Number of protein chains: 2
Amino acid sequence: MKFDQTAKIASFGGQLVKLSHESSTLKCKMDLNVYFPPGSFATASSSIASFPILYFLSGLTCTGNNCAEKGFLQPWAAKHGIIIVYPDTSPRGCNIEGEEESWDFGTGAGFYLNATKVPWKTNYNMYDYIVEELPQLLYGSFKQMDPTRVSIMGHSMGGHGALVIYLKNSEKYKSCSAFSPISNPMQCPWGKKAFSSYLGSVNEWSQYDATELIKYYNGENTSDILIDIGTGDSFYKDQQLLPENFVAASKKSKYKGDVKLRLQDDYDHSYYFISSFAADHLEHHARYLV
Amino acid sequence: MKFDQTAKIASFGGQLVKLSHESSTLKCKMDLNVYFPPGSFATASSSIASFPILYFLSGLTCTGNNCAEKGFLQPWAAKHGIIIVYPDTSPRGCNIEGEEESWDFGTGAGFYLNATKVPWKTNYNMYDYIVEELPQLLYGSFKQMDPTRVSIMGHSMGGHGALVIYLKNSEKYKSCSAFSPISNPMQCPWGKKAFSSYLGSVNEWSQYDATELIKYYNGENTSDILIDIGTGDSFYKDQQLLPENFVAASKKSKYKGDVKLRLQDDYDHSYYFISSFAADHLEHHARYLV
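Residues numbered from 1 in each chain as written. Chains lettered and ligands numbered in written order. Predicted model: local features only at pLDDT ≥ 70, side-chain atom pairs only at ≥ 80, totals over all residues. Heavy atoms only, no water.

- Per an unreviewed UniProt entry, chain A goes by S-formylglutathione hydrolase and derives from Nadsonia fulvescens var. elongata DSM 6958.
- Under the UniProt heading Function (unreviewed entry), the entry covering chain A gives this text: "Serine hydrolase involved in the detoxification of formaldehyde."
- Under Subcellular location (unreviewed entry), UniProt gives the following word-for-word description of chain A: "Cytoplasm". (UniProt positions renumbered as here; feature names shortened; annotations may be inferred.)

What follows is the structure, given as structure tokens:
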């Protein structure tokens with residue numbers, strides 16, 4: 001076990017486990033939460049079963065705690081028998097100048113990319129952390145996890161992360177969904193701010209833009225992608241999310257699954273929105289995982 | 001409308017409304033949340049329907065926000081068509097000496113009683129606020145609320161509040177339930193600390209102790225009372241909750257309903273516990289309200 005377990009909390013018949021570990025990719029200590037559905041732990045009368053895994057990538061300012069407390073994914077993960085991994089959103093405490101100055105850049109805002117610019121490139125490698133290091137550590141530590149059945153979802157900046165990671169590695173993930181994703185970061189203020197500081201050329205930027213990635217998709221995955229956006233979401237209205245650009249690009253691409261964009265009347269950008277439609281997203285992933 | 005509406009947030013097909021008002025009982029400004037299930041607001045094609053009301057009283061240190069964000073009562077309130085009122089747990093900002101010194105006394109710890117001792121008695125009258133002032137203001141402002149169908153529940157200190165208020169006014173409430181209630185405060189450290197500062201004689205104390213109140217119950221309500229306690233709850237193990245005393249007293253009393261105490265294996269005192277069994281509690285109340 002490469003993790004320290006700091007808490008284990010009963011939730012919907014399963015267990016929410018709080019973990020901490022040293023990340024070699026990020027060069028700092030990282031916390032995360034993992035929800036194990038009922039039956040995940042061996043008892044005197046049962047051996048350990050094997051469960052599919054769903055990553056939930058959180059948005060700006062969040063840690064792995066917010067959605068574990070307020071997202072309401074756990075009842076449906078318990079119902080479908082799915083493990084949920086809630087990672088953090090950036091390296092922490094790296095003492096980089098400017099790291100704590102903005103709520104939408106630096107700490108809490110890693111944007112799920114590998115930075116190439118000084119001073120960020122030493123630590124800000126959330127892409128490799130989520131795609132490579134964390135899965136290896138988890139699958140080596142928890143026999144309950146089935147590495148052949150893995151999906152990914154996220155919210156806002158984490159919706160961007162989920163779409164990008166899925167499209168770049170669609171052989172590794174069975175399905176993808178997102179709440180309020182930053183769908184075309186090269187064209188919105190949040191993305192321009194982050195990418196211009198973390199990354200170099202526009203060619204680098206396009207490697208982390210879901211709308212660009214789906215245009216040139218040449219993988220084999222045919223799963224539908226489910227996206228929910230609230231019509232009362234002020235960031236949607238302010239053109240930070242741009243999901244229509246992603247849908248338009250998908251229609252001209254070789255991606256064979258449907259991109260199902262649902263506009264949910266009056267909902268905002270908060271966990272009140274996520275919790276209200278969490279059942280639909282877990283059902284979406286269960287179609288491909290269970 | 002005696003309230004200022006500070007926010008209206010879509011949640012599970014209904015609306016969570018954030019309200020603020022001046023309380024004459026508490027002599028300060030108070031915030032609360034009210035969840036309105038789907039169909040609570042008139043549209044061009046429909047008039048306003050009438051819904052039953054469930055009060056949720058929160059525990060030590062909480063405001064009306066915690067359970068609205070983390071308790072997950074709303075999906076089941078939406079399903080059964082029940083309005084939920086989430087009041088605050090004490091007066092706020094009264095500038096009483098000592099008010100902010102403890103997490104289990106003063107601010108965030110009003111114990112749902114009417115204080116009789118100086119300096120608390122001017123403001124700390126949460127009992128009258130919850131039983132009299134707040135319902136009158138709400139029912140005068142929201143035609144969706146049906147004052148003839150009202151129930152009450154709570155958590156920890158709020159479980160104490162719900163049991164006490166129900167037993168003293170069982171003609172006003174159709175049903176009662178509690179998570180992890182402080183069930184016999186005269187016999188536990190939290191209760192002794194609070195009652196000795198807020199109240200005078202032991203006779204006064206017994207008016208706010210559910211175990212004492214059920215002993216002498218002489219009302220007509222025959223509803224079952226549902227109580228959930230987690231066996232991993234450190235406050236339960238530390239004898240702060242004492243639900244067995246309440247059950248024992250109920251068996252010797254004239255209370256005609258069953259007191260259903262359920263010990264939930266491994267659960268703690270947190271909102272992870274409440275959310276896991278929220279569906280059962282809403283179903284309990286729906287039996288009497290809908």
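## Remarks on the interface of chain A and chain B
- Listed per partner, the contact involves 20 residues of chain A and 21 residues of chain B.
- Buried surface at the junction of chain A and chain B, both sides included, amounts to about 1,800 Å², of which 60% is carbon and sulfur.
- Applying the counting criterion to the chain A and chain B interface returns 2 salt bridges.
- Note that B:Glu69 and A:Lys70 form a salt bridge whose closest N and O atoms lie 3.9 Å from each other.
- Contributions of two or more residues to the side of chain A that touches chain B are made by β1 (4-11), β2 (14-23), α1 (64-70), α2 (74-80) and α10 (271-289) of chain A. (Contact = heavy atoms within 4.5 Å. Buried area = accessible area lost by both parts, 1.4 Å probe. Salt bridge = Lys/Arg side-chain N within 4 Å of Asp/Glu carboxyl O. Helix = DSSP H or I, 4+ residues; strand = E, 2+ residues; numbered from the N terminus.)

## Some remarks on the UniProt feature "active site" (unreviewed entry) in chain A
Residue and element names in this part refer to chain A.
- Here, UniProt's "active site" (unreviewed entry) annotation points to Ser156, Asp233 and His269. Of the residues just listed, which span 114 residues, no C-alpha pair is farther apart than 10.9 Å, and they cluster in one region. Taken from the residues named earlier, the lining of the largest pocket is made up of Ser156 and His269.
- With respect to the helices and strands, aspartate 233 occurs in the loop between β8 (225-230) and α8 (234-237). (1 Å grid on protein atoms, 1.4 Å probe; cavity = no way out; pocket = protein on both sides within 12 Å on 5 of 7 lines; lining within 4 Å.)

## Let's talk about the packing of aromatic side chains
- The final tally for this structure, using the stated rule, is 44 aromatic pairs over all chains.
- Between A:Tyr267 and A:Phe277, the aromatic rings sit 4.9 Å apart at their centres with planes inclined by 75°, giving edge-to-face as the arrangement. Taken together, the positions of A:Tyr267 in the loop between β9 (259-264) and α10 and A:Phe277 in helix α10 put the pair 10 residues apart, joining distant regions of the chain. Per residue, the accessibility class of A:Tyr267 equals that of A:Phe277, and both read buried.
- Through a chain of ring-to-ring contacts, the aromatic side chains of A:Phe12, A:Phe72, A:Trp76, B:Phe12 and B:Phe72 assemble into a single cluster. (Phe/Tyr/Trp six-rings, centres within 6.5 Å; stacked < 30°, edge-to-face > 60°. Buried < 20%, exposed > 50% of the residue type's maximum accessible area, 1.4 Å probe, protein only.)

## Focus: the relation of the copies chain A and chain B
- Once turned by 180° and shifted 0.0 Å along the axis, chain A lies on chain B with an RMSD of 0.0 Å. One copy is carried onto the other by what is essentially a two-fold rotation axis. Distance from the rotation axis, computed per C-alpha, reaches its smallest value in chain A at A:Lys70: 2.6 Å.
- Taken as a fraction of all interface residues of chain A, those also at the interface in chain B reach 95%, which identifies the copy contact as same-surface. (Least-squares fit on C-alpha atoms with pLDDT ≥ 70 in both.)

## Considerations on the environment of A:Ser102
All names here are of chain A.
- Counting through the fold element by element, serine 102 comes out in the loop between β5 (83-86) and α3 (126-141).
- Serine 102 gets classed as partly exposed once you look at its relative accessible area, which sits at 24%.
- Sequence separation of serine 102 and threonine 61 is 41 residues, and the distance between their C-alpha atoms is 9.6 Å.
- Side chain to side chain, serine 102 and lysine 193 meet in a polar contact 3.2 Å long. (Polar contact = N/O pair within 3.5 Å; in protein donor to acceptor, adjacent residues only side chain to side chain.)

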